[in-house]
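Overview (structure and organization)
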Amino acid sequence: MENRTGRKRPDYARRINRVLDYIDKHLDEELTVDALSDVANFSKFHFHRQFSQHCGISLSRYIQFMRLKRASYRLAFNPTAPIIDIAMDSGFENPESFSRAFKAAFGQTPSGFRKTPDWSSWSERCRMSLPSSERTEEMDVKIVVVEPALVAALEHRGAPALLNESVQRFIAWRKSSRLSPVSQCETYGVPYNDPNATPPEEFRFDICGSTPAPVPANDHGVVTKTIPGGRCAMTIHAGSRDRIDESVYALYRDWLPDSGEELRDFPVYFHYLNLDHDTPEHRHLTEIYLPLK
């Protein structure tokens, strides 16, 4: 007998993923049950329960958490943005209600997070609050040849949850040294291992900015490295970089086995095309490069 339940599960996941994508792209708008159930092609009378059952979080909590998560990036990386503006942009009527919701979500007030963000707790709370998803749309992969890139690199070593702390250190070096200005230079990320399959203390990730010359010794610990040139498979991840592993896994799982290609001895790496933390996450674009022989 045909397993109808198993056959329907991928389509069901695709429909829920359409809703998650729609929410990401419309966080600044009113998100109604009628509109979202239409996106998924589910009955509005059952949609709340279907969403909660599949995602492990209620629809209203998910929407609010995504708005607060976006606000947390603006607080940490755009220190001049007024908190009242961030609160209003997140759908709150006043800073007090925003502060209460933010503290409930992340354990810190907005001003406390801006001053000293607890990235470890932030990462754990995001992991617990956000549903997992899988890239379901077809991937556009191109074979390209890239030139070697001389880069200034900050070597993050330790828990992935603290990666944003290292990002802040690299930004501070960029601003103080002016040797790799973000407006004129490229920005890369090089993960040496899978954060989901590596003990936290063994995780390695280089945060890099292109530079025209070797980097002098500095108190931030930024060093000179080279991202090697050569043939690569390249695809673009559009959307939140917190979900970039979905595209990476799809590249290995869906494209590589049928490509006839063999991998070169250098890790997959990322080229960040836009870095403005006021840019909505669904507009973030990241090139993923898989080095090939």
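What you see as residue numbers is a count from 1 along each chain, following the sequence as written. Totals for whole chains, interfaces and linings use all residues, but because this is a predicted model, local features are given only for residues with pLDDT of at least 70 and pairs of side-chain atoms are given and counted only at 80 or more. Excluding hydrogens and water, the side-chain values take into account all heavy atoms of the structure.

The protein chain has the name AraC family transcriptional regulator in an unreviewed UniProt entry, where Methylocystis borbori is given as its organism.

1. Quick look at the state of the cysteines
Criterion for a disulfide: a pair of cysteine sulfur atoms within 2.5 Å. Counted according to the given criterion, the structure contains zero disulfides. Counting only cysteine sulfurs, Cys126 is the nearest neighbor of Cys55, a cysteine outside any disulfide, at a range of 15 Å. The buried label goes to any residue with under 20% of its type's maximum accessible area, the exposed label to any with over 50%, and the partly exposed label to all in between, with areas taken from a 1.4 Å probe on protein chains only. By relative accessible area, which is 10% here, Cys55 ends up buried. Among the cysteines around Cys208, which has no disulfide bond, Cys185 carries the closest sulfur, lying 12 Å off. You can call Cys208 buried: its relative accessible area is 2%.

2. Notes on the packing of helix α4 (residues 59–77) against helix α9 (residues 163–177)
When two helices pack together, their arrangement is given by the angle between the helix axes and by the axis-to-axis distance. Only the stretch in contact is used when a helix axis is fitted, and all axes are lines through C-alpha atoms; the angle between N-to-C directions ranges over 0 to 180 degrees. Think of it this way: any DSSP run of H or I at least four residues long counts as a helix, any run of E at least two long counts as a strand, and we number them from the N terminus. Where α4 meets α9, the axes come as close as 11 Å, and the angle between the chain directions of the two elements is 35 degrees. Viewed along their axes, α4 and α9 form a crossing whose handedness is right-handed. Contacts between α4 and α9 involve Tyr73, Ala76 and Phe77 from the first element and Asn164, Val167, Gln168 and Ile171 from the second. A crossing counts as left-handed when the near helix is turned anticlockwise from the far one by less than a right angle, and as right-handed when that turn is clockwise. Contacts are residue-level and defined by heavy atoms, with any inter-residue pair within 4.5 Å sufficient.

3. Structural notes on the sheet that holds strand β1 (residues 142–146)
Strands were regarded as paired on the criterion that DSSP finds at least two bridges between them. With respect to topology, eight strands assemble into an open sheet ordered β1-β6-β8-β7-β3-β4-β2-β5, the strand pairing being antiparallel. Here the strands that pair on one side only, and so sit at the sheet edges, are β1 and β5 (222–227). Averaged over all neighbouring strand pairs, the angle between strand axes comes to 35 degrees, with direction disregarded. Sheet analysis places strand β6 (residues 230–238) next to strand β8 (residues 285–291), joined by seven bridges and oriented antiparallel. Each residue of the ladder has a partner; that of Ala233, found in β8, is Leu290. Running at roughly 25 degrees to strand β4 (residues 204–210), α9 makes contact with β2 (149–157), β3 (187–191), β4 and β5 of the sheet. Packing against the sheet, helix α10 (residues 244–259) makes contact with β1, β6, β7 (269–272) and β8, and its axis sits at approximately 35 degrees to β8.

4. Let's talk about the nonpolar core
Here, the term nonpolar core denotes a set of buried Ala, Val, Leu, Ile, Met, Phe, Trp, Tyr and Cys residues that are joined through side-chain atoms within 4.5 Å. Judged by nonpolar contacts, the single largest core of 25 residues is most densely connected at Phe205, Val222, Leu251, Trp255, Phe270 and Ile288. Per element, the largest residue contribution to this core is six residues, and it comes from α10. Residue contacts for Phe205: discarding those within four places in its chain leaves Leu154, Glu155, His156, Arg157, Leu163, Gly189, Val190, Pro191, Tyr192, Phe270 and Tyr272.

5. Re the pairing of β3
Burial of β3 is extensive: five of the five residues sit out of reach of the surface. The pairing of β3 with β4 spans five bridges and is antiparallel. Residue pairing across strands places Thr187 opposite Gly209, the latter belonging to β4. Note: β3 against β7, three bridges, orientation antiparallel. When the sheet's bridge partners are listed, Thr187 is paired in β7 with Tyr272.

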